[in-house]
Amino acid sequence: MSTLTINIPDSLVGRLQQFAVDQGITLDQLLSSAAAEKLSTLMTVEHLRERGAHGDRAAYRRFLESSADVPPMHGDEL
């Protein structure tokens, strides 16, 4: 476990503390969870960008054009 000192606006700290209390967790737990969620999101975006770079748009269009033109199934409508 590491200790990290960060500067957060007082107004945000108050809201974070209250939310942690409401959830029955410590502020450390709340911030660790929030940081892990954000990192996971950033890593997912990076992964999708890397995968997208290997995509073949022309092949994708050919695939779509070869698909049957039928109405969506019940429940899949926009």
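Provided above is the structure to which this section pertains.
Cut-offs used in this document
- Residues numbered from 1 in each chain as written.
- Predicted model: local features only at pLDDT ≥ 70, side-chain atom pairs only at ≥ 80, totals over all residues.
- Heavy atoms only, no water.
- Helix = DSSP H or I, 4+ residues; strand = E, 2+ residues; numbered from the N terminus.
- Rg over C-alpha atoms; globule rule 2.2 N^0.38 Å.
- Buried < 20%, exposed > 50% of the residue type's maximum accessible area, 1.4 Å probe, protein only.
- Areas by Shrake-Rupley, 256 points an atom, 1.4 Å probe, with all protein chains shown as cover.
- Lys, Arg positive; Asp, Glu negative; His and termini not counted.
- Charge placed at Lys NZ, Arg CZ, Asp CG, Glu CD.
- Polar contact = N/O pair within 3.5 Å; in protein donor to acceptor, adjacent residues only side chain to side chain.
- Axes fitted to C-alpha atoms, helices over the stretch in contact; angles between N-to-C directions.
- Parallel < 35°, antiparallel > 145°, perpendicular 65-115°, else oblique.
- Contact = heavy atoms within 4.5 Å.
- Nonpolar A, V, L, I, M, F, W, Y, C, P; charged D, E, K, R; others polar.

Asks: Mind laying out the overall build of the protein chain, listing which residues take part and the relevant values?
Replies: Counting its regular elements, the protein chain contains three helices and zero strands. Each helix (α) and strand (β) of the protein chain, taken in turn from the N terminus, gives the series α-α-α. Taking 12 Å as the expected radius of gyration for a compact globule of 78 residues, we find that the protein chain reaches 22 Å, considerably beyond that expectation. Counting the 78 residues in the protein chain, one finds 4% classified as buried. Carbon and sulfur atoms make up 57% of the accessible area of the protein chain, which totals about 7,700 Å². Separation of charge centres in the protein chain, based on 7 positive and 11 negative side chains, amounts to 9 Å.

Asks: Describe the environment of D76, naming the residues involved and giving the relevant values.
Replies: You can see D76 is positioned in the segment after α3 (57-66). By relative accessible area, D76 is classed as exposed at 53%. Separated by 29 residues in the primary sequence, D76 and H47 have C-alpha atoms spaced 28 Å apart.

Asks: A description of the environment of D10 should follow, citing residues and the corresponding values.
Replies: As for its placement among the helices and strands, D10 is situated in helix α1 (residues 10-23). Owing to a relative accessible area of 71%, D10 belongs among the exposed residues under this scheme.

Asks: With reference to specific residues and values, describe α3.
Replies: Here α3 lies mainly on the outside; zero of its 10 residues are buried. One side-chain oxygen of the residue at the start of α3 lies 3.1 Å from the amide nitrogen of A58, identifying that residue as D56.

Asks: Residue-level account of the packing of α1 against helix α2 (residues 27-52), with values.
Replies: Orientation of α1 relative to α2, taken along the N-to-C sense of each, is 105°, at an axis distance of 9 Å. Between α1 and α2, the angle falls in the class roughly perpendicular. Between α1, through L16, Q17, F19 and A20, and α2, the contact on the second element is made entirely by L27, L30 and L31. Across the contact of α1 with α2, the residue classes tally to six nonpolar, one polar and no charged.

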